[in-house]
Amino acid sequence: MVLGGKRVFVVLPAYNAEKTLESVYRLLAKNTSLDEIILVDDASSDNTVGIARRLGMPVIVHERNLGYGGNQKTCYSEALRLGADVIVMLHPDLQYSPALVLAMAAMIVSGEYDLVLASRITGKSNAISAGMPFYKYIANRLLTYFENAMLNLKMSEYHSGYRAFSKELLSRVPYLRNSNDFVFDNQIIAQARLYGFRIGEISCPTHYGKESSSISCYRSLVYGLGVLRTACEYRLRAWNILFPAYLPRRLVPGEVEAAGNGKDGSPWMPG
C-alpha cells in the first residue's frame, strides 16, 4: 500500500495460460506497491491453476467455462470483496506489458480518471508491426470511429484487454448485468460513460505471440456486431428512448443513487 495509501489489486482472467502465466507473475511481482495479484481460472484444460498455486497466488476456479465477461465479473467482485481501491485487469498472455500496472493505477489514484485503458494504437508502438492481424486492425479502427461518434468520446481504441478501474466505478455501475462474452468490455465502457465517470488512456506496446489470446474470425464477427449494438444502445439510452438491462432507467440499490448523476453528484447530461 505505497501508492497514495490505496490498495492496488491486479486481476488476471485466465484460460489456458500455463505457457505465459509465470512470466507475467514474475514481472508483476517486481512491483512492491501491488497489494494482491488474483487469478480467476475459467475452467482451463491445462495446468494454469497448478502454476498459479505454486506461485502462491490466490486462485478462484470456475467449475465450468463462463466466458470472458463472466470471468471478469468474478475478478472484480472478488477484488472489491477483499477491499481493493484500484483494480487493474491484465490478460496473462504477455500481449500487454505488465510494467504499466502502476502507471495506470496512479492515473486512478490521482483522482483524474476512474477508468484507464492501455491503448495499442497511440504512441510509437505499431500494432500491425507487433503482430496484430491486419483485418483486426482495420476492424478496430472502424469500430472505434463508430463508438466515438455514438458515445461522444475521442478514444484511440475500445478493445484493449488491459484496464484499471476505481473502486467507486465498479461499486456503482451494474457490471453484473453485462454479457458473459467479449462484448462485456464495451458494455462497461458504455456504463462508465453513462454514469459520468472519467475515462483516460495510456500508450501500451503490445506483442502478439503464439500464446496471445485470440478468437476466430466467426467470433470476431459476432464481437463486432455486439460492439455496434452496444454503441447504438448507449446512444438510445442517452436519448431516453431505450433502456437495456445493463443501462437501466432506474438503478438498483447499491449503485448510483440517482440515475444520470455524475461521480461528484453533479447533474449528468447525455454525451
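Every chain is numbered independently, its residues counted from 1 as its sequence is written. Selection of residues for local features in this predicted model requires a pLDDT of at least 70, selection of side-chain atom pairs for listing and counting requires 80 or more, and totals for whole chains, interfaces and linings are taken over all residues. Side-chain metrics in this entry use all non-hydrogen atoms of the structure; hydrogen atoms and water are not considered.

**Structural notes on the side chain of threonine 48**
- Put simply, DSSP marks the helices as runs of H or I at least four residues long and the strands as runs of E at least two long, and each gets a number from the N terminus on. As for its position among the elements, threonine 48 is in helix H2 (residues 48–54).
- Engagement of the side chain of threonine 48 in a polar contact is seen with the backbone nitrogen of glutamate 18, the distance being 3.3 Å.
- Residues count as neighbours in contact if any of their non-hydrogen atoms are within 4.5 Å of one another. Aside from chain neighbours lying at most four places away, what touches threonine 48 is Ala14, Asn16, Ala17, Glu18, Leu21, Leu39 and Asp41. As used in this structure description, the phrase polar contact means that two N or O atoms lie within 3.5 Å; if the pair is within protein, one of them must be able to donate a hydrogen and the other to accept it, and residues adjacent in sequence are counted only when both atoms belong to side chains.

**Brief notes about the pairing of strand E6 (residues 162–166)**
- Burial classes follow relative accessibility: with a 1.4 Å probe on protein chains only, a residue under 20% of its type's maximum area counts as buried, one over 50% as exposed, and anything between as partly exposed. Counting buried positions over the five residues of E6 gives five, a clear majority of the element.
- Of the two faces of E6, both are covered, the one formed by Tyr162, Ala164 and Ser166 as well as the one formed by Arg163 and Phe165.
- Note on pairing: DSSP must find at least two bridges between two strands before they are called paired. Bridging between strand E4 (residues 86–90) and E6 involves five bridges; their strand directions are antiparallel. Across the sheet, residue valine 86 finds its bridge partner in E6, namely serine 166.
- Summarising the sheet, strand E5 (residues 115–119) and E6 pair through three bridges and their orientation is antiparallel. Each residue of the ladder has a partner; that of leucine 115, found in E6, is phenylalanine 165.

**What about unusual backbone geometry?**
- You will see that leucine 94, though not glycine, has its phi angle at about 65°, which is positive.
- Secondary-structure assignment places leucine 94 in the loop between E4 and helix H4 (101–109).
- Its relative accessible area of 28% is what places leucine 94 among the partly exposed residues.
- One non-glycine residue, asparagine 240, lies in the positive phi region at around 60°.
- With respect to the helices and strands, asparagine 240 occurs in the segment after helix H8 (217–238).

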